Each structure stands twice: as C-alpha cells, then as structure tokens.
There are 4 protein chains.
Amino acid sequence: MYGYTMKKSELQTRLRKIEGQVRGLQRMVDEDQYCIDILTQLNSVTAALKAVGVGLLDDHVRHCVRESLEQHQGDEKIEELVSAVARFVK
Amino acid sequence: MYGYTMKKSELQTRLRKIEGQVRGLQRMVDEDQYCIDILTQLNSVTAALKAVGVGLLDDHVRHCVRESLEQHQGDEKIEELVSAVARFVK
Amino acid sequence: MYGYTMKKSELQTRLRKIEGQVRGLQRMVDEDQYCIDILTQLNSVTAALKAVGVGLLDDHVRHCVRESLEQHQGDEKIEELVSAVARFVK
Amino acid sequence: MYGYTMKKSELQTRLRKIEGQVRGLQRMVDEDQYCIDILTQLNSVTAALKAVGVGLLDDHVRHCVRESLEQHQGDEKIEELVSAVARFVK
C-alpha cells in the first residue's frame, strides 16, 4: 500500500541481508579482490541501509509523530523528527 | 526556539547567499583556480542547499503535515513526506 | 569520450544553469509554492552541483594527479585527492 | 602518516565492527527500541561504511592508479576511478 512502510519482520529480513553483505565485504577484502569491485558492493550496502532508515522514519512518522499531533502535542516530536532527518541527509 | 525553523525571509536570504556562492564558483573556474579549492567551495554550497532543504521540510511538517494529522486526514501527507525524505537522503 | 570529463566551457554552462535554478528556488519560495515541490527542485540543484564536482575531480585526476605521478612525485597529490573525496562523500 | 590509508587488517577490523553494529540494529528493532535511536545508530553505521570506502579508494589510488600512471597507461584507470567516485557521492 505505502511504498516505504516496512513491518518489523521486513526490517529484520533486510538487516540480516545487510549483515550478510558486510560479511561478503570482509571476504572480498580477505581475498584481495579488486578495490573498485569492493567499493561497488560497499555502495549497495550503504543504499540498503538508507532504505532501512527511510522505513524506520516512515514507521516513526506514521505512529509516534501522528499520535502526538492528533493529541495536539507534537512540537517536541516534530523537532526531534526534523533533527533526525537533518543528520540523515548529511 | 526550534533549531531548523526558517522564516520565509531567512530562506530567501540563504538562497541569495547560495546564488552568490554559485557565481563565485563560476569566477573560480574562469580564473582557473585550483580544482581542489573549487571542490571545497562546491561542497559548502551543497551543504548550504541541504540546510535550506531541512528548513523547508521543517516548515512542511510543522504546518501541512500537522494540520492534516490534527484533522485525522494525514495518510497521504505522510506518504508524500516520507517519499520526499527518501529522495533527499539519496 | 570519457563520460565525466567537462571542458571549462561546459563547467561554466552548467554553473550558469545552476545559478538560474537557485533563482528559481527563490521565486518558488516567494510565491509560497508547495514545500514538497520546492524540495524536489532543490534536490535536482544538489544533484547538478555534485555532477559538476565529479567533473572537477575528473579534470583534477586527469591533469594534476597524473602529472605528479608520472614524475613519481604524487604522494602529496594523492593525499589531497583522497581527502577531497572524503569531504565530498560525506 | 596518511590519514585515510588503512591496511588490510584495519579494513577487516572495521568491517567486523560494522557487522556487529548491524547485529545491534537487529537487536534494537527486535526490542522495539525508539525509532529515532535506531536511526541514529544506523547513521553511524553508514558513516563507518563510508570511511571504509574512502580507505579502499585511498588504497586504490595509491597502488593501482599510481602504477598505471607511472607507466603512462592510466586513462582507463582514471575513467574507472572517477566513475567509482561518481557512484560513491550519489
């Protein structure tokens, strides 16, 4: 339904896959594979992590921020959210 | 009060400064200045643009998203917000 | 021939276009356009700046770094290059 | 001596630490920890990965690219390097 929403089980599946990719990087370094190939693999791990980050953010806005705002008590939540995004985009 | 909030006048001031910095980059290229120095300047323009982006996002959440959520009609706004953040962090 | 190489004139053309896009952002803010649309435009300015950065880097490696290395005097240039990339990817 | 140079053993140590951090993320998700805290942790994993990427790049320039250039056969290597950096900065 919503493109970025991930259930807890999907977050876990993705994080386990990322863990496997990081072990793959160790193997590539160990086997002295070509730097550029390792870097390409590393870029896809970073992209996978960012996708998990967006999923977490989605979940956060959809639950915590929404709840606070619906109760007209959202100022702190908004501040916290924007500051998390600010660190995320750096 | 909130660290990322920018009034319209502040957004404009920052964008005018960024415009000046981009003209500065043109001058540096024109004068054949050292690549690494131009790149350093270019990085600070990118960082300044991202800061404006965070300011816009802050404003958006604080007004549009909040209003929709307070009226319990926020699903579409949340989807749109998360998808904007997803493009922003890439 | 090489995908990232930009002549000085192309760098200038791109930077002038970026300057125009930054003025476009000012207009959008001035006309109170929708935040998400401004953010989308801002993202494309950032991407355009990064492309210029890659063009500068390409030029730098192709000339300064190459020349130093061909004269077996490249240690400092390499250090400087990697440190510029490190700031660039942040 | 050079700030970004990492020996194979250091790359491995860092990648093992990153693997542990990814497992830490799984635990945080599993324990339903606060989204913003998980996101903060995820940001530091991404930063750690980028640092490894810069280390790999440093190694690559310092060896492969240098060797090719010293033999006046570096065009392809430069193209490959710049294209790797272009994907990296995205």
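Predicted model only: the values in this text are computed from it and were never measured.

Caption draft 1: Up close: the overall build of chain A. Along the backbone of chain A there are three helices and zero strands. Listing the helices and strands of chain A from first to last along the sequence gives α-α-α. Relative to its length of 90 residues, chain A is extended, with a C-alpha radius of gyration of 17 Å against a globular reference of 12 Å. With respect to the principal axes defined by its C-alpha atoms, chain A has extents near 55 × 30 × 20 Å.

Caption draft 2: Local environment of the relation of the copies chain C and chain B. Turning chain C through 180 degrees and shifting it by 0.0 Å along the axis lays it on chain B, with an RMSD of 0.0 Å. Taken together, the rotation and translation describe the operation of a two-fold axis. Most of the interface of chain C is mirrored in chain B, where 100% of its interface residues again form contacts.

Caption draft 3: Structural detail: helix α2 (residues 35–70) of chain A. Across its 36 residues, α2(A) extends 51 Å between first and last C-alpha, which sits within 8% of the 52 Å expected from 1.5 Å per residue. Residue H72(A) follows α2(A) closely and has a positive phi angle near 55 degrees.

Caption draft 4: A look at the nonpolar core. I18(A), I18(B), I18(C) and I18(D) are the most contacted members of the largest nonpolar core, which totals 116 residues. Those residues within four positions of I18(D) in sequence are excluded, and the remaining contacts are V22(A), V45(D), A48(D), L49(D) and V52(D).

Caption draft 5: Broad picture of the interface of chain C and chain B. With 39 residues of chain C at the contact, the number on the chain B side is 40 residues. Summed over both sides, the interface of chain C with chain B buries roughly 3600 Å², with 67% coming from carbon and sulfur. The tally of links from chain C across to chain B stands at four salt bridges. For R23(C), the salt bridge is made with E19(B), and the minimal N-O distance between the two is 3.0 Å.

Caption draft 6: Layout of helix α1 (residues 8–30) of chain B. Over its 23 residues, α1(B) runs 33 Å from end to end, which matches the ideal 33 Å to within 8%, given 1.5 Å per residue. Summarising the contacts, the buried residues of α1(B) are in contact with α2 (35–70) of chain B together with α1 (8–30) and α2 (35–70) of chain C. Directly after α1(B), the chain includes D32(B), whose backbone phi takes a positive value near 50 degrees.

Caption draft 7: Geometry of the pattern of salt bridges. Enumeration according to the criterion identifies 32 salt bridges over all chains in this entry. We note a salt bridge from D32(D) to K8(A), for which the minimum N-O separation is 3.2 Å. Of this pair, D32(D) sits in the loop between α1 (8–30) and α2 (35–70) while K8(A) sits in helix α1 (residues 8–30), on two different chains. Given the relative accessible area of 34%, K8(A) is considered partly exposed. Two residues, E79(D) and R62(C), come together in a salt bridge whose shortest N-O distance is 3.6 Å. Taken together, the residues span two chains, with E79(D) in helix α3 (residues 75–89) and R62(C) in helix α2. The buried category is assigned to R62(C), whose relative accessible area is 8%. In this structure, a network of salt bridges that share partners links the residues E19(A), R23(A), E19(D) and R23(D).

Caption draft 8: Looking closely at the confidence of the model for chain A. Residue and element names in this part refer to chain A. On average, residues of chain A score 88 in pLDDT, and 97% of them are at 70 or above. Within chain A, helix α3 (residues 75–89) has the poorest average pLDDT of any element, 85, and α1 the best, 96. Across the assembled chains, the prediction reports ipTM 0.88 with pTM 0.87.

Caption draft 9: Just unusual backbone geometry, in detail. In the Ramachandran plot, D32(B) falls in the positive-phi region, its phi being about 50 degrees despite a non-glycine side chain. Of the residues examined, D32(B) reaches a relative accessible area of 57% and is grouped as exposed.

Procedures and definitions
Residues numbered from 1 in each chain as written. Chains lettered and ligands numbered in written order. Predicted model: local features only at pLDDT ≥ 70, side-chain atom pairs only at ≥ 80, totals over all residues. Heavy atoms only, no water. Helix = DSSP H or I, 4+ residues; strand = E, 2+ residues; numbered from the N terminus. Rg over C-alpha atoms; globule rule 2.2 N^0.38 Å. Least-squares fit on C-alpha atoms with pLDDT ≥ 70 in both. Contact = heavy atoms within 4.5 Å. Expected span 1.5 Å × (residues − 1). Core = buried A, V, L, I, M, F, W, Y, C linked by side-chain atoms within 4.5 Å. Buried < 20%, exposed > 50% of the residue type's maximum accessible area, 1.4 Å probe, protein only. Buried area = accessible area lost by both parts, 1.4 Å probe. Salt bridge = Lys/Arg side-chain N within 4 Å of Asp/Glu carboxyl O. pLDDT = per-residue confidence, 0-100.

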